Amino acid sequence: MRLIDIGANFTNRKFSNDLPQTIKRACEANVEQMVITGTSLKGSKRAADIASEYPQKLFSTAGVHPHDAKDCDDNTITVLEKLAQKEQVVAIGECGLDYNRDFSPRPVQQKWFIAQIELACKLQLPLFLHERDAHDDFIDILSDYKKNLPKAVVHCFTGTEKELDRYLQMDYYIGITGWISDERRGKHLWKIVKKIPENRLMVETDSPFLLPRNIKSRPKSGRNEPAFLPFVVKSLARSLQKSEEEVAAITTSTAKEFFSI
Ligand SMILES: [Zn+2]
(Lines give C-alpha, C1' and ligand atoms only; values in the text may rest on other atoms or scores of the structure.)
Protein backbone atom coordinates (compact mmCIF):
# COMPACT_ATOMS: atom_id res chain seq x y z
CA MET A 1 0.00 0.00 0.00
CA ARG A 2 1.31 3.43 -0.99
CA LEU A 3 -0.48 6.63 -0.07
CA ILE A 4 -0.27 10.31 -0.91
CA ASP A 5 -1.45 12.95 1.57
CA ILE A 6 -2.56 15.86 -0.60
CA GLY A 7 -3.06 18.24 2.34
CA ALA A 8 -0.57 18.55 5.20
CA ASN A 9 -0.22 21.89 6.98
CA PHE A 10 3.43 21.46 7.93
CA THR A 11 3.88 25.21 8.36
CA ASN A 12 1.55 25.08 11.36
CA ARG A 13 3.44 25.72 14.60
CA LYS A 14 2.27 22.36 15.96
CA PHE A 15 4.89 20.79 13.66
CA SER A 16 7.72 23.16 14.50
CA ASN A 17 9.46 20.84 16.96
CA ASP A 18 9.41 17.44 15.29
CA LEU A 19 8.93 17.74 11.55
CA PRO A 20 11.69 15.24 10.55
CA GLN A 21 10.22 12.64 12.92
CA THR A 22 6.71 13.38 11.63
CA ILE A 23 7.87 12.76 8.06
CA LYS A 24 9.62 9.57 9.11
CA ARG A 25 6.46 8.27 10.80
CA ALA A 26 4.49 9.09 7.65
CA CYS A 27 6.88 7.02 5.53
CA GLU A 28 6.64 4.13 7.99
CA ALA A 29 2.85 4.30 7.59
CA ASN A 30 3.25 4.02 3.78
CA VAL A 31 2.51 7.68 3.17
CA GLU A 32 5.18 8.10 0.55
CA GLN A 33 4.44 11.57 -0.74
CA MET A 34 2.87 14.63 0.85
CA VAL A 35 1.75 18.00 -0.47
CA ILE A 36 2.26 20.82 2.02
CA THR A 37 -0.54 23.36 1.94
CA GLY A 38 0.45 27.01 1.51
CA THR A 39 -2.13 29.26 3.13
CA SER A 40 -0.42 32.67 3.20
CA LEU A 41 2.46 34.36 1.44
CA LYS A 42 4.82 33.64 4.30
CA GLY A 43 3.44 30.14 4.75
CA SER A 44 3.73 29.35 1.04
CA LYS A 45 7.39 30.39 1.05
CA ARG A 46 8.02 28.25 4.11
CA ALA A 47 6.12 25.32 2.57
CA ALA A 48 8.31 25.51 -0.55
CA ASP A 49 11.45 25.66 1.64
CA ILE A 50 10.43 22.57 3.60
CA ALA A 51 9.53 20.68 0.43
CA SER A 52 12.90 21.51 -1.13
CA GLU A 53 14.59 19.54 1.65
CA TYR A 54 12.75 16.34 0.68
CA PRO A 55 12.81 16.18 -3.13
CA GLN A 56 10.19 13.93 -4.74
CA LYS A 57 8.77 13.16 -1.28
CA LEU A 58 7.39 16.55 -0.28
CA PHE A 59 5.73 19.08 -2.55
CA SER A 60 3.90 22.31 -1.80
CA THR A 61 1.19 24.66 -2.95
CA ALA A 62 1.44 28.44 -3.23
CA GLY A 63 -1.60 30.46 -2.29
CA VAL A 64 -3.54 32.55 0.18
CA HIS A 65 -6.41 31.06 2.20
CA PRO A 66 -9.64 33.10 2.31
CA HIS A 67 -8.99 33.67 6.05
CA ASP A 68 -5.82 35.56 5.09
CA ALA A 69 -7.22 37.37 2.04
CA LYS A 70 -7.35 40.57 4.09
CA ASP A 71 -3.53 40.60 4.16
CA CYS A 72 -3.12 40.50 0.36
CA ASP A 73 -1.74 43.51 -1.49
CA ASP A 74 -0.45 44.56 -4.92
CA ASN A 75 2.58 42.34 -4.50
CA THR A 76 0.82 39.12 -3.58
CA ILE A 77 0.21 37.62 -7.00
CA THR A 78 3.72 38.50 -8.23
CA VAL A 79 5.26 36.68 -5.28
CA LEU A 80 2.99 33.65 -5.74
CA GLU A 81 3.85 33.53 -9.42
CA LYS A 82 7.56 33.53 -8.62
CA LEU A 83 7.10 30.77 -6.04
CA ALA A 84 5.13 28.73 -8.55
CA GLN A 85 8.19 28.51 -10.80
CA LYS A 86 9.90 26.26 -8.27
CA GLU A 87 9.93 22.60 -9.13
CA GLN A 88 8.44 21.45 -5.82
CA VAL A 89 5.46 23.84 -6.07
CA VAL A 90 2.73 21.81 -7.75
CA ALA A 91 -0.47 23.84 -7.35
CA ILE A 92 -1.96 27.28 -6.74
CA GLY A 93 -3.88 27.51 -3.45
CA GLU A 94 -5.15 26.95 -0.94
CA CYS A 95 -7.61 29.55 -2.12
CA GLY A 96 -11.35 29.95 -2.19
CA LEU A 97 -14.18 31.25 -0.02
CA ASP A 98 -15.00 30.66 3.65
CA TYR A 99 -18.30 32.19 4.78
CA ASN A 100 -18.32 29.97 7.86
CA ARG A 101 -15.72 31.96 9.72
CA ASP A 102 -15.68 35.17 7.66
CA PHE A 103 -12.18 36.03 8.90
CA SER A 104 -11.81 38.30 5.86
CA PRO A 105 -14.69 40.40 4.46
CA ARG A 106 -16.50 38.53 1.68
CA PRO A 107 -15.73 41.01 -1.13
CA VAL A 108 -12.04 40.80 -0.18
CA GLN A 109 -12.16 36.98 -0.20
CA GLN A 110 -13.77 37.09 -3.65
CA LYS A 111 -11.24 39.54 -5.06
CA TRP A 112 -8.23 37.44 -4.08
CA PHE A 113 -9.89 34.17 -5.00
CA ILE A 114 -10.40 35.53 -8.52
CA ALA A 115 -6.81 36.77 -8.69
CA GLN A 116 -5.50 33.31 -7.78
CA ILE A 117 -7.80 31.56 -10.27
CA GLU A 118 -6.44 33.88 -12.96
CA LEU A 119 -2.89 33.04 -11.92
CA ALA A 120 -3.60 29.30 -12.13
CA CYS A 121 -5.15 29.80 -15.57
CA LYS A 122 -2.13 31.78 -16.73
CA LEU A 123 0.38 29.21 -15.44
CA GLN A 124 -1.90 26.22 -16.15
CA LEU A 125 -1.12 24.85 -12.69
CA PRO A 126 -3.69 22.81 -10.73
CA LEU A 127 -5.87 24.66 -8.21
CA PHE A 128 -6.18 23.60 -4.56
CA LEU A 129 -9.58 24.91 -3.48
CA HIS A 130 -11.23 25.61 -0.13
CA GLU A 131 -14.96 26.21 0.19
CA ARG A 132 -17.04 26.43 3.32
CA ASP A 133 -20.64 27.64 3.44
CA ALA A 134 -20.03 29.55 0.22
CA HIS A 135 -21.02 27.04 -2.46
CA ASP A 136 -23.12 29.28 -4.73
CA ASP A 137 -20.69 32.21 -4.92
CA PHE A 138 -17.82 29.75 -5.30
CA ILE A 139 -19.42 28.07 -8.32
CA ASP A 140 -20.45 31.45 -9.79
CA ILE A 141 -16.90 32.74 -9.68
CA LEU A 142 -15.29 29.55 -11.02
CA SER A 143 -17.86 29.25 -13.82
CA ASP A 144 -16.50 32.44 -15.39
CA TYR A 145 -13.19 30.66 -15.98
CA LYS A 146 -14.55 27.35 -17.22
CA LYS A 147 -12.83 27.53 -20.59
CA ASN A 148 -9.33 28.12 -19.35
CA LEU A 149 -9.45 26.54 -15.90
CA PRO A 150 -6.77 23.94 -15.15
CA LYS A 151 -7.49 20.86 -13.03
CA ALA A 152 -8.99 21.75 -9.65
CA VAL A 153 -9.49 19.89 -6.38
CA VAL A 154 -12.08 20.83 -3.77
CA HIS A 155 -10.07 19.89 -0.71
CA CYS A 156 -11.64 18.63 2.53
CA PHE A 157 -15.05 18.11 0.97
CA THR A 158 -17.75 18.03 3.69
CA GLY A 159 -20.73 19.32 1.71
CA THR A 160 -24.09 17.96 0.61
CA GLU A 161 -24.93 15.51 -2.16
CA LYS A 162 -26.20 18.37 -4.33
CA GLU A 163 -22.96 20.27 -3.90
CA LEU A 164 -20.94 17.16 -4.72
CA ASP A 165 -22.98 16.59 -7.88
CA ARG A 166 -22.25 20.15 -8.96
CA TYR A 167 -18.52 19.76 -8.38
CA LEU A 168 -18.42 16.52 -10.32
CA GLN A 169 -20.39 18.13 -13.13
CA MET A 170 -17.69 20.80 -13.26
CA ASP A 171 -15.16 17.96 -13.46
CA TYR A 172 -13.42 18.86 -10.20
CA TYR A 173 -11.42 16.43 -8.09
CA ILE A 174 -12.48 15.79 -4.51
CA GLY A 175 -10.27 15.54 -1.40
CA ILE A 176 -11.58 13.44 1.49
CA THR A 177 -10.27 13.95 5.05
CA GLY A 178 -10.85 12.36 8.46
CA TRP A 179 -14.23 14.09 8.46
CA ILE A 180 -15.46 10.80 6.95
CA SER A 181 -14.23 8.93 10.04
CA ASP A 182 -16.53 10.99 12.25
CA GLU A 183 -19.66 8.97 12.94
CA ARG A 184 -21.62 12.13 13.79
CA ARG A 185 -20.58 14.97 11.46
CA GLY A 186 -19.35 12.77 8.63
CA LYS A 187 -22.18 10.31 8.35
CA HIS A 188 -23.75 11.95 5.30
CA LEU A 189 -20.49 11.49 3.39
CA TRP A 190 -20.69 7.70 3.63
CA LYS A 191 -23.53 7.48 1.16
CA ILE A 192 -22.40 10.09 -1.33
CA VAL A 193 -18.66 9.34 -1.74
CA LYS A 194 -19.70 6.42 -3.97
CA LYS A 195 -20.60 9.00 -6.60
CA ILE A 196 -17.02 10.20 -6.96
CA PRO A 197 -15.34 8.55 -9.97
CA GLU A 198 -12.08 6.76 -9.16
CA ASN A 199 -10.06 9.19 -11.23
CA ARG A 200 -11.42 12.15 -9.23
CA LEU A 201 -10.88 10.85 -5.68
CA MET A 202 -7.96 11.75 -3.38
CA VAL A 203 -7.24 11.57 0.35
CA GLU A 204 -5.69 14.01 2.80
CA THR A 205 -5.21 14.52 6.53
CA ASP A 206 -5.47 18.35 6.62
CA SER A 207 -3.16 17.81 9.60
CA PRO A 208 -2.67 19.05 12.30
CA PHE A 209 -6.45 19.44 12.12
CA LEU A 210 -9.18 16.79 11.85
CA LEU A 211 -7.69 13.89 13.80
CA PRO A 212 -9.64 10.83 12.54
CA ARG A 213 -12.04 9.61 15.21
CA ASN A 214 -11.45 5.94 14.34
CA ILE A 215 -7.91 6.00 15.78
CA LYS A 216 -7.98 3.69 18.76
CA SER A 217 -5.02 5.05 20.68
CA ARG A 218 -5.51 8.73 20.05
CA PRO A 219 -2.51 10.98 20.73
CA LYS A 220 -2.94 13.08 23.87
CA SER A 221 -2.03 16.21 21.96
CA GLY A 222 -5.01 15.71 19.64
CA ARG A 223 -2.67 16.57 16.78
CA ASN A 224 -3.31 14.92 13.43
CA GLU A 225 -0.37 14.01 11.15
CA PRO A 226 0.16 12.28 7.79
CA ALA A 227 0.96 8.94 9.50
CA PHE A 228 -2.76 8.77 10.35
CA LEU A 229 -3.86 8.90 6.70
CA PRO A 230 -4.51 5.12 6.70
CA PHE A 231 -7.41 5.77 9.11
CA VAL A 232 -9.06 8.02 6.52
CA VAL A 233 -8.50 5.30 3.92
CA LYS A 234 -10.05 2.75 6.27
CA SER A 235 -13.29 4.73 6.63
CA LEU A 236 -13.38 5.54 2.93
CA ALA A 237 -12.86 1.88 2.03
CA ARG A 238 -15.75 0.86 4.28
CA SER A 239 -18.09 3.42 2.78
CA LEU A 240 -17.08 2.50 -0.78
CA GLN A 241 -17.21 -1.23 0.00
CA LYS A 242 -13.73 -1.65 -1.42
CA SER A 243 -10.55 -2.95 0.16
CA GLU A 244 -8.12 -0.49 1.72
CA GLU A 245 -5.51 -1.57 -0.83
CA GLU A 246 -7.88 -0.72 -3.65
CA VAL A 247 -8.66 2.70 -2.22
CA ALA A 248 -4.95 3.33 -1.73
CA ALA A 249 -4.21 2.40 -5.33
CA ILE A 250 -7.04 4.55 -6.72
CA THR A 251 -6.30 7.66 -4.68
CA THR A 252 -2.53 7.44 -5.17
CA SER A 253 -2.78 7.16 -8.92
CA THR A 254 -5.28 10.03 -9.03
CA ALA A 255 -2.99 12.24 -6.92
CA LYS A 256 0.02 11.39 -9.07
CA GLU A 257 -1.88 12.36 -12.17
CA PHE A 258 -3.41 15.50 -10.63
CA PHE A 259 -0.18 17.00 -9.30
CA SER A 260 2.13 15.38 -11.92
CA ILE A 261 4.27 13.90 -9.14
ZN1 LIG B 1 -9.15 24.28 3.72
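Thresholds, definitions, all that
- Within any chain, residue numbers begin from 1 and follow the written order of that chain's sequence.
- Per-residue local features of the predicted model are confined to residues with pLDDT of at least 70, and side-chain atom pairs are confined, for both listing and counting, to 80 or more; whole-chain, interface and lining totals are unaffected and use all residues.
- Water and hydrogen atoms play no part in the side-chain values, which are based on all heavy atoms of the structure.
- What is meant by a nonpolar core is a set of buried Ala, Val, Leu, Ile, Met, Phe, Trp, Tyr and Cys residues, joined one to another through side-chain atoms within 4.5 Å.
- Here's how the labels work: a residue is buried when its accessible area is under 20% of the maximum for its type, exposed when over 50%, partly exposed in between, all with a 1.4 Å probe on protein chains only.
- A contact between two residues is defined here by any heavy atoms of the two lying within 4.5 Å.
- Each metal's donors comprise the N, O and S atoms found within 2.8 Å of it (within 3.2 Å for Na, K or Ca). Water is not part of the atom list, so some coordination spheres may appear incomplete.
- Going along the chain from the N terminus, every DSSP run of H or I of four or more residues is numbered as a helix, and every run of E of two or more is numbered as a strand.
- Each salt bridge in this description consists of a side-chain nitrogen of Lys or Arg and a carboxyl oxygen of Asp or Glu lying within 4 Å of one another.
- Only when DSSP finds a minimum of two bridges between them are two strands counted as paired.
- An axis is simply a line fitted to the C-alpha atoms; with a helix, the fit covers only the stretch in contact. Between two such axes, the angle follows the N-to-C directions and lies from 0 to 180 degrees.
- Only protein atoms enter the 1 Å grid used here. Points where a 1.4 Å probe fits but cannot escape make up a cavity, open sets with protein on both sides within 12 Å along at least five of seven lines make up a pocket, and a residue lines them when an atom lies within 4 Å of a point.
- Grid points are joined across faces, edges and corners, and a volume is the space filled by probe spheres set on the points.
- For this scheme, ten residues count as nonpolar: Ala, Val, Leu, Ile, Met, Phe, Trp, Tyr, Cys and Pro. Four count as charged, namely Asp, Glu, Lys and Arg, and the remainder, Gly too, count as polar.
- Clockwise travel from the first strand over the helix to the second, with the strands pointing away from the viewer, marks a crossover as right-handed.
- Any angle that is under 35 degrees is reported as roughly parallel, and any over 145 degrees as roughly antiparallel; angles of 65 to 115 degrees are reported as roughly perpendicular and all others as oblique.
- We define a polar contact as two N or O atoms separated by no more than 3.5 Å, with the added condition that, inside protein, one atom must be a possible hydrogen donor and the other a possible acceptor, whereas residues neighbouring each other in sequence contribute only through side-chain atom pairs.
- Aromatic pairing here means that ring centres of Phe, Tyr or Trp (its six-membered ring) are within 6.5 Å. Orientation follows from the plane angle: under 30 degrees is stacked, over 60 is edge-to-face, and everything else is tilted.
- Only when the NZ atom of a Lys or the CZ atom of an Arg is both within 6 Å of the ring centre and within 35 degrees of the ring normal do we say a charge sits over the ring.

Inside soluble globular proteins, nonpolar side chains tend to come together where they are buried. By size, the foremost hydrophobic cluster in this structure holds 73 residues, and its most contacted members are Phe 10, Leu 127 and Leu 142. Setting aside chain neighbours within four positions, we find Phe 10 in contact with Phe 15, Leu 19, Thr 22, Ile 23, Met 34, Ile 36, Ile 50, Leu 58 and Pro 226. Membership of the second largest hydrophobic core comes to 14 residues, among which are Phe 59, Val 153, Phe 258 and Ile 261.

So, on to the coordination of the zinc ion. Taken together, Glu 94 (OE), His 130 (ND1) and His 155 (NE2) make up the full set of protein donors to the zinc ion, lying 1.9 to 2.1 Å away. On the primary sequence, the residues serving as donors to the zinc ion are separated as E-x35-H-x24-H. Here Glu 94, found in strand S4 (residues 89-98), pairs with His 130, found in strand S5 (residues 127-132); they are 36 residues apart in sequence, far enough to count as distant. What makes Glu 94 buried here is its relative accessible area of 3%.

We now examine the pattern of salt bridges. Two side chains carrying opposite charge are able to pair once their charged atoms lie near each other. Inspection of every chain in the model, using the stated rule, returns 17 salt bridges. A salt bridge links Glu 161 to Lys 195, with the nearest nitrogen and oxygen atoms 2.7 Å apart. One end of the pair, Glu 161, is in helix H6 (residues 161-169); the other, Lys 195, is in the loop between helix H7 (187-192) and strand S8 (201-203), with 34 residues separating them in the sequence. Judged by relative accessible area, which is 39%, Glu 161 ranks as partly exposed. Lys 195 sits in the partly exposed class, given a relative accessible area of 37%. Across the pair Lys 195 and Asp 165 runs a salt bridge whose closest N-O atoms are separated by 3.0 Å. In this pair, Lys 195 is assigned in the loop between H7 and S8 and Asp 165 in helix H6, connecting sequence segments 30 residues apart. Three or more residues are tied together by salt bridges with common partners; here these are Asp 182, Glu 183, Arg 184, Arg 185 and Arg 213.

A separate point is the sheet that holds strand S7 (residues 173-176). Taken in spatial order, the eight strands line up as S1-S2-S3-S4-S5-S6-S7-S8 in an open sheet, and their pairing is parallel. For this open sheet the edge positions go to strand S1 (3-8) and S8, each flanked by a neighbour on one side alone. Sheet twist, expressed as the mean angle between neighbouring strand axes with direction ignored, is 30°. Alignment of S5 against strand S6 (residues 152-154), held across three bridges, turns out to be parallel. By the bridge assignment, Leu 129 is partnered in S6 with Val 154. Along the sheet, helix H2 (residues 41-52) makes contact with strand S2 (31-36), strand S3 (58-62) and S4, crossing S3 at roughly 165°.

Turning our eyes to something else, we now look at the layout of surface pockets. Rolled over the atoms, a probe with the dimensions of a water molecule shows which regions are left empty. When its volume is computed, the largest pocket comes out at roughly 880 Å³. If you go around the largest pocket, you meet 27 residues; those closest to its centre are Asn 9, Thr 39, His 65, His 67 and Phe 209. Counting residues per element, the ones that place at least two in the lining of the largest pocket are H2, S4 and S5. When grouped by side-chain class, the residues that make up the lining of the largest pocket number five nonpolar, eleven polar and eleven charged. Each pocket or cavity is described by its volume, and for the second largest pocket that value is around 220 Å³.

So, on to the pairing of S5. Burial runs high along S5: five of the six residues are buried. This β-α-β element, S4 to helix H4 (residues 106-123) to S5, shows right-handed connectivity. Traced from S5 through helix H5 (residues 135-143) to S6, the parallel crossover comes out right-handed.

Attention now goes to the packing of H2 against helix H3 (residues 76-84). H3 packs onto H2 with a crossing angle of 10° between their chain directions and a minimal axis gap of 11 Å. Between H2 and H3, the angle is such that the two are roughly parallel. Between H2 and H3, the residues in contact are Leu 41, Ser 44, Lys 45 and Ala 48 and Thr 76, Val 79, Leu 80 and Leu 83, respectively.

Attention shifts here to the environment of Ser 221. Note that Ser 221 resides in the loop between S8 and helix H8 (229-240). On the basis of relative accessibility, which here comes to 59%, the residue Ser 221 falls in the exposed class. Looking at Ser 221, its side chain comes within polar contact range of the main-chain nitrogen of Arg 223, at 3.1 Å.

For the rest of this paragraph, the subject is the packing of aromatic side chains. Summed over all chains, the structure comprises eight aromatic pairs. Between Tyr 167 and Tyr 172, the aromatic rings sit 6.1 Å apart at their centres with planes inclined by 35°, giving tilted as the arrangement. If you follow Arg 185 out to its NZ or CZ, it ends over the ring of Trp 179, 3.8 Å from the centre.

Honestly, it's all geometry; don't read function into it.
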